Amino acid sequence: MRNFSRAVLLCCAALGTLLAGPERGTAQEFADHRYTSEAIEAGSRIYVADCALCHGRGGGDVDGVDIRRGVFRTVSSDEDLRRIITTGVDRGRMPAFDLQPFELDGVVAYIRAGFDPNGVAVKVGDAARGQAIFQGAGDCASCHRVNGQGPLTAPDLSEIGAIRNPAALQRTLLDPSAALLPINRPIRAVTRSGETIRGRRLNEDTYSVQLIDSEERLRSLVKADLVEYEVSETPIMEPTTLSADQVADVIGYLLSLRGLP
Ligand code: HEC
Ligand code: HEC
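Residues numbered from 1 in each chain as written. Chains lettered and ligands numbered in written order. Predicted model: local features only at pLDDT ≥ 70, side-chain atom pairs only at ≥ 80, totals over all residues. Heavy atoms only, no water.

**Student:** Mind showing me how you'd approach the coordination of the iron atom of ligand 1 here?
**Tutor:** Within the first shell, the iron atom of ligand 1 binds the protein through His55 (NE2) and Met94 (SD), at distances of 2.0 to 2.1 Å. Considering all 6 donor atoms around the iron atom of ligand 1, angles at the metal cover 85 to 179° and the coordination shape is octahedral. Linking His55 in helix H3 (residues 37-55) with Met94 in the loop between helix H4 (78-87) and helix H5 (101-113), this pair joins segments that are 39 residues apart in sequence. For His55, a relative accessible area of 12% corresponds to the buried category. (Donors = N, O, S within 2.8 Å, 3.2 Å for Na, K, Ca; no water. Tetrahedral: all angles 85-135°; square planar, octahedral: opposite > 155°, others 65-115°. Helix = DSSP H or I, 4+ residues; strand = E, 2+ residues; numbered from the N terminus. Buried < 20%, exposed > 50% of the residue type's maximum accessible area, 1.4 Å probe, protein only.)

So this is what it looks like as structure tokens:
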């Protein structure tokens, strides 16, 4: 059983890394930094005052750049961001900004943390409170596994803080259907022998599909042996009913999950 869980864990971790896709650079960078809510809030004021004029409150008004989603042209690290902001771009199409160091930190924190569709910075709350909510009122632990504890039916969240930024986590909690990764989709299959299998897809190719079934078993099904195979667009996870402050605390906790040392 131990080896089996470990295989699943490794498999999920590898998939997560693959699937993080374009957000990966951002997340990778983000993983090296801890941004405080104060810095993010200070940064949001500067963003609205100095940047939103061109980039828009939603961050997507300049072609090829979507600040909210971390899509840039040349920027990949925090250092690149600082350089672009202090030197400007493209012979004045974006002016150079002369910011105090703490202001510059704030804008970088704000951009890295991301913001919601109304341009409001995503709030990152207290990790310890968030952990209590995760295990208690939020009921997250009844589906999710963290550091070897909990079921396998939902994605293992042991490293989620290293691969998702606060905006992505907030999206998942408030609107799981908008955040559902294709690979995590729930599936239903019926075999030739009449067995119905429900579970969460881990991997799929032309001939086979790997999943965790509702009994938490890792299964590999050969498609030629199936008489029915359905992939659902509807996430298993429901939008959270936690308060905004509780969501912020849960996000704080999720960001602290960076895999076992
Ligand atoms: C006068 C308009 C204007 C303002 C104000 C402005 N920008 Fe820009 N910004 C642009 C344009 C235009 C580009 C695209 C430049 C190019 O063609 O590569 C850009 C690009 C960027 C990029 C992506 C650069 C890359 O190469 O990946 C970042 C990040 C950025 N801006 C952040 C900011 C921040 C932060 C502020 C506020 C401190 C700001 N911008 C203010 C116009 C502006
Ligand atoms: C009923 C089971 C269930 C509960 C309860 C639940 N989740 Fe989920 N969660 C899932 C499943 C399944 C997925 C995969 C996508 C889907 O099908 O919704 C998921 C996806 C996620 C993801 C996205 C993972 C990624 O790779 O981006 C995060 C983060 C997450 N859940 C956090 C939470 C938190 C925090 C709570 C508690 C507030 C919670 N979940 C409660 C089942 C659950």
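From this point on, the discussion continues.
**Student:** Help me out: how do you make sense of the sheet that holds strand E3 (residues 208-213) in this one?
**Tutor:** Two strands in a sheet stick together by hydrogen bonds in their backbones, pointing the same way (parallel) or opposite ways (antiparallel). The 5 strands lie next to each other as E4-E3-E2-E1-E5, forming an open sheet whose pairing is antiparallel. Since the sheet does not close on itself, it has two edges, and those belong to strand E4 (218-222) and strand E5 (226-231), each with one partner. On average, each strand axis in the sheet is inclined to that of its neighbour by 40°, with strand direction left out of account. With 5 bridges connecting them, E3 and E4 associate as antiparallel partners. Bridging from a neighbouring strand, Ser208 pairs with Val222 of E4. (Pairing = 2+ DSSP bridges. Axes fitted to C-alpha atoms, helices over the stretch in contact; angles between N-to-C directions.)

**Student:** I would appreciate a short explanation of the pattern of salt bridges in the present structure.
**Tutor:** Counted according to the given criterion, the structure contains 14 salt bridges. Glu233 is the salt-bridge partner of Arg185, the closest N and O atoms lying 3.7 Å from each other. In this pair, Arg185 sits in the loop between helix H9 (176-179) and strand E1 (186-191) while Glu233 sits in the loop between E5 and helix H10 (244-255), placing the two residues 48 residues apart along the sequence. Between Lys223 and Glu204 there is a salt bridge whose closest N-O contact spans 2.6 Å. Remark: Glu204 occurs in strand E2 (residues 196-204) and Lys223 occurs in the loop between E4 and E5; sequence separation between them is 19 residues. One salt-bridge network, in which partners are shared between bridges, spans Glu195, Asp213, Arg217 and Arg219. (Salt bridge = Lys/Arg side-chain N within 4 Å of Asp/Glu carboxyl O.)

**Student:** Help me out: how do you make sense of the site of ligand 2 in this one?
**Tutor:** With respect to spatial proximity, 21 residues lie near ligand 2, and among them Cys140, Cys143, His144, Arg164 and Met237 are the closest. A distance of 2.8 Å separates a nitrogen atom of ligand 2 from a polar side-chain atom of His144. Met237 is positioned such that a nitrogen or oxygen atom in its backbone is 3.1 Å from an oxygen atom of ligand 2. In the shell around ligand 2, the residues fall into 15 nonpolar, 4 polar and 2 charged. (Near = heavy atom within 4 Å. Polar contact = N/O pair within 3.5 Å; in protein donor to acceptor, adjacent residues only side chain to side chain. Nonpolar A, V, L, I, M, F, W, Y, C, P; charged D, E, K, R; others polar.)

**Student:** Whenever I open this one, the coordination of the iron atom of ligand 2 confuses me. Can you help?
**Tutor:** Each pair of donors in an ideal octahedron of six around a metal sits at 90 or 180 degrees, and each pair in an ideal tetrahedron of four sits at 109.5 degrees. The iron atom of ligand 2 binds to the protein through His144 (NE2) and Met237 (SD), with metal-donor distances spanning 2.0 Å. Around the iron atom of ligand 2 sit 6 donor atoms, and with donor-metal-donor angles ranging over 88 to 179° the site reads as octahedral. Pair noted here: His144 is in the loop between helix H6 (127-135) and helix H7 (160-163) and Met237 is in the loop between E5 and H10, with a separation of 93 residues, a long-range link. For His144, a relative accessible area of 10% translates into the label buried. By relative accessible area, which is 32% here, Met237 ends up partly exposed.

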